[in-house]
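Analysis of the macromolecular model
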Amino acid sequence: MARQLRWWITAPLGACLVIAIAYLPPRPMPLVGQRFFRVFQTFEPPTPYRLRVQELAKRYRVTSFELTMREYGAATRPELERRRALERPGPVVYFPGPDSLSDSARGLVRALLDRAWAQLGLGVSKISVGVVVPVVFDRPPGGDSPAHMPAAPAFLLPDSSDRTTCLAYLPIIFWGRPGVLKQSRPAPNKDLAEMLRNGLGTCAYFAAFGAPGQEIAGWLTSRHYELAEYPWKLRVPAESTRGGALLEQNKPWFWSFVYRYEPDAIACMASRPEACGRSVLRKGTGESVPVVSTEQNFWKPPSPAGADRYIADLADEIGPERFGRFWNSELPVDTALATAMRMPVGEWTRRWQATIVPPIRLGPVARPSAVVLATLLGVAAVVLVMLTATRRQVR
Amino acid sequence: MSVRLLALVITCSSVCPTLAAQSRWDRQVDARLTQAGATLQGRAYRLAGLVGRGTLNTGESATFSIKLPAGAESALTGVCDDDCADLDLSLSTNGYDIDAARGGGNAPIVRVTPAALTTYTVTVRMMSCRVNPCWFAVAAFVQAFTAPLHSPR
């Protein structure tokens, strides 16, 4: 083969390869835009030993948290029973740790939680709720032990040892910044009120609707209740919730974050109902522990996107009566959900997903600007070849 | 009427300890127990004791042991709170079911007349509870002897 001809074959093939690397999935955004995140992606994957150590540390943390919460539960039990007997609605608030919080600050937290309880329409409930509120003004205590308490809300759900108490752990950490609870006479604050209301989280469902039916409980437990981390009547937009914070399409990290989700969750963002259904109905691998933590794993977020508010949005849409029937249903999960939604689960979830993340386009699609540029380059190349060919013509 | 009222008070005084410290659902269970006691006392049963009480979610069960005296017919009744629609009760000994009340609503009754003093296992299963958990209680009643009227002299 002539040398020049070989060059003409190799060069276009090489160019095609470069374009494919730059544009084809899983990177619908040019590589240049992802340079910052590529630094993190080049880390070596953890060794099996490290994974095992991490798993053990996680179990240790969960057990330690459960034990501490059971101690708090024992401390709050007399008050919980007294309130239940006297038919006094509202959660019992417990402030652990050093006595550094003023009485007015404690009173404010209690008042805000009572107000949140009333806003959620909760009265005297079969399952009482205790709220443990550690207030940390600086940094949460750390150390070498993995047994640190969570920095985000966590819950000890009712189980066979105590069926009638749900404990919410709701840390307020100021990280050294000035905060409303530091003041000697703190005034009600909208952000604090919202945080406390949302902090009732999973326990609010137990208080309002009781313990879920066996099928629903099995499904939610296997997923660590990640779909029911917020209470209903959620007034904050999707991007303000924990899971939605990184899902703004105009942000440079959007695509990088999207591809941290499971394939079904990504397909759900692209408005594919079957994938939406699978993403919601899949069972997790969670152990049957009564501890639920809302701490987010940003490297592997729960599916579908915005999962932490899925049950809250469902309850808001279908109303408390229908939701209560779903929550206590003994039907298989897909049937119970479809009955409550009055449509296939995938279809409802597809519509809901579009309110959390604007639908994305998947597949090897080049951007219009790139298409125009490529066409212009192609035309220029053809013109150049034509001119060259005209000059070299032998007459 | 006054005898019936007295019976209610006696039953309640033995079954409902410290009413004031109880929850709404405990009180509902106690009220139903009192009602069942009144019905059974009208049929010559007297309260032998509370077999057990507690809370159960739908599909869960609890077991208790009870010794029943020989010769007299005993009746065990289960009751539950207002959210409970179906409660099952069964009585067994040595692994054999002696009597069972299943699918019959929220006030099941089982009966047995032991030939000798026997220890029975009482199993109570919550079949339907609208808001979990549901409070329940099981009480035993023993038929009072009416023998003097019928026995030969």
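Residues numbered from 1 in each chain as written. Chains lettered and ligands numbered in written order. Predicted model: local features only at pLDDT ≥ 70, side-chain atom pairs only at ≥ 80, totals over all residues. Heavy atoms only, no water.

1. Looking at the overall build of chain B
Applicable threshold: Where helices and strands are cited, they refer to DSSP runs of H or I of at least four residues and of E of at least two residues respectively, numbered from the N terminus. Buried residues are those whose accessible area, probed at 1.4 Å on protein chains only, stays under 20% of the maximum for their type, while exposed residues exceed 50% and partly exposed ones sit between those limits. The contact criterion used is simple: two residues touch if any of their non-hydrogen atoms lie within 4.5 Å. Exposure was quantified through the Shrake-Rupley algorithm and a 1.4 Å probe, taking into account, for residues, occlusion by the shown protein chains and nothing else.
Of regular secondary structure, chain B possesses 3 helices and 8 strands. Here chain B, with 153 residues, has 46% of them falling under the buried criterion. Nonlocal contacts in chain B, meaning residues at least 24 apart in sequence, comprise 77% of its contacts between residues at least 6 apart. On chain B, roughly 7700 Å² of surface is accessible, and the fraction owed to carbon and sulfur atoms is 56%.

2. Brief notes about the pattern of salt bridges
Any two side chains of opposite charge can pair, so long as their charged atoms come close to each other. Our working definition: We define a salt bridge as a side-chain nitrogen of Lys or Arg found within 4 Å of a carboxyl oxygen belonging to Asp or Glu.
A complete count under the given rule lists 25 salt bridges over all chains for this structure. Its salt-bridge partner being arginine 70 of chain A, residue glutamate 66 of chain A comes within 3.0 Å of it at the nearest N-O pair. Residue glutamate 66 of chain A and its partner arginine 70 of chain A are both found in helix α3 (residues 48–86); the two are separated by 4 residues, about one turn of the helix. Given the relative accessible area of 29%, arginine 70 of chain A is considered partly exposed. The closest approach of N and O atoms between aspartate 81 of chain B and lysine 126 of chain A, which form a salt bridge, is 3.1 Å. Here lysine 126 of chain A lies in the loop between α4 (103–119) and β2 (128–132) and aspartate 81 of chain B lies in the loop between β3 (74–80) and β4 (84–93), a pairing that spans two chains. By relative accessible area, aspartate 81 of chain B is classed as buried at 0%. Taken together, the shared-partner salt bridges in this structure form one network comprising Lys126 of chain A together with Asp81, Asp83 and Arg130 of chain B.

3. Things to note about the state of the cysteines
Residues and elements named next belong to chain A. Spelled out, the test is: Any two cysteine sulfur atoms lying within 2.5 Å of each other are counted as a disulfide.
Taken as a whole, this structure holds 4 disulfides over all chains when the rule is applied. Disulfide partner of cysteine 166: cysteine 203, at an S-S distance of 2.0 Å. Between cysteine 166 and cysteine 203, the S-S torsion sits near -80 degrees, and that sign places the bridge as left-handed. Placement of the pair is cysteine 166 in strand β5 (residues 165–169) and cysteine 203 in helix α6 (residues 201–209), with a sequence separation of 37 residues. Of the two residues examined, cysteine 166 and cysteine 203, each falls in the buried class.

4. A short note on the nonpolar core
The nonpolar side chains of soluble globular proteins are, as a tendency, buried together. To be explicit about the condition: Note on terminology: a nonpolar core comprises buried Ala, Val, Leu, Ile, Met, Phe, Trp, Tyr and Cys residues joined through side-chain atoms within 4.5 Å.
With 81 residues, the main nonpolar core has Leu181, Trp219, Phe323 and Phe326 of chain A as its most contacted residues. Top contributing element to this core by residue count: helix α11 (residues 310–327) of chain A, with 9 residues. In this structure phenylalanine 326 of chain A touches Ile216, Trp219, Ile311, Leu314, Ala336, Leu337 and Ala340 of chain A, once residues within four positions along its chain are discounted. Counting residues in each nonpolar core, the second largest holds 24 residues, with Val51, Cys80, Leu91 and Cys134 of chain B among its members.

5. So, the packing of aromatic side chains
Each pair of aromatic rings is reported with the distance of its centres and the angle of its planes. Residues and elements named next belong to chain A. Note the threshold: Aromatic rings from Phe, Tyr and Trp, taking only the six-membered ring of Trp, are treated as a pair when their centres fall within 6.5 Å; an angle between ring planes under 30 degrees marks them as stacked, one over 60 as edge-to-face, and anything in between as tilted.
Evaluated as defined, the whole model comprises 20 aromatic pairs over all chains. Considering the side-chain rings of tryptophan 7 and tryptophan 8, the 5.7 Å spacing of their centres and the 90 degrees angle between planes classify their relative orientation as edge-to-face. Residue tryptophan 7 is classed as exposed on the basis of its relative accessible area of 56%. For tryptophan 8, a relative accessible area of 53% gives the class exposed.

6. Notes on the interface of chain A and chain B
How big an interface is tends to be stated in terms of accessible area lost as the parts join. Inclusion rule: Computed with a 1.4 Å rolling probe, the buried area is the accessible surface lost when two parts are put together, summed over both parts. Each polar contact in these results corresponds to two N or O atoms within 3.5 Å; when the atoms are within protein, one needs to be able to donate a hydrogen and the other to accept it, and residues that are neighboring in sequence are counted only if both atoms are side-chain atoms. For this classification, the nonpolar set comprises Ala, Val, Leu, Ile, Met, Phe, Trp, Tyr, Cys and Pro, the charged set comprises Asp, Glu, Lys and Arg, and every other residue, Gly included, is treated as polar.
Tallying the contact residues gives 17 residues for chain A and 22 residues for chain B. Surface buried jointly by chain A and chain B totals about 1400 Å² across both partners, of which 51% is contributed by carbon and sulfur atoms. The interface formed by chain A and chain B contains 5 salt bridges. Where glutamate 60 of chain B meets arginine 163 of chain A, a salt bridge forms, and the shortest distance between an N and an O atom there is 2.3 Å. Summed over the shared surface of chain A and chain B, the number is 10 residue pairs in polar contact (both at pLDDT 80 or more). Looking at side-chain class alone, the side of chain A that touches chain B contains 6 nonpolar, 6 polar and 5 charged residues.

7. Quick word on the side chain of threonine 164 of chain A
Tracing the backbone shows threonine 164 of chain A in the loop between β4 (154–156) and β5. The buried category is assigned to threonine 164 of chain A, whose relative accessible area is 12%. For threonine 164 of chain A, the residues in contact, after removing those within four places along its chain, are Arg84, Lys126, Ile127 and Ser128 of chain A together with Thr55, Pro133 and Trp135 of chain B.

8. What to know about the confidence of the model for chain A
For clarity, the threshold we go by: A residue's pLDDT is simply how confident the predictor is in it, with values from 0 to 100.
Taken as a whole, chain A shows an average pLDDT of 85; of its residues, 87% reach a score of 70 or greater. Mean pLDDT across the elements of chain A bottoms out in helix α2 (residues 35–41) of chain A (49) and peaks in helix α12 (residues 333–341) of chain A (96).

9. Section: the sheet that holds β5 of chain A
Residues and elements named next belong to chain A. Rules: Pairing between strands is defined by DSSP: at least two bridges between them are needed. Orientation is described by lines fitted to C-alpha atoms, with helices fitted over the stretch in contact, and by angles between N-to-C directions that extend from 0 to 180 degrees.
Read from one edge of the open sheet, 5 strands run β1-β2-β5-β4-β7, paired in mixed fashion. Looking at the sheet topology across the chains shown, the edges are occupied by β1 (92–94) and β7 (291–293). For this sheet the average axis-to-axis angle between neighbouring strands, irrespective of direction, equals 20 degrees. On top of the sheet, α3 reaches β1, β2, β4, β5 and β7; it is set at about 120 degrees to β5, its chief contact.

10. Quick look at the pairing of strand β2 (residues 61–68) of chain B
Residues and elements named next belong to chain B. Of the two faces of β2, the one holding Ala62, Phe64, Ile66 and Leu68 is buried and the one holding Ser61, Thr63, Ser65 and Lys67 is not buried anywhere. By the bridge criterion, 8 bridges tie β2 to strand β7 (residues 118–129) in an arrangement that is antiparallel. Its bridge partner being in β7, phenylalanine 64 is matched across the sheet by valine 122.

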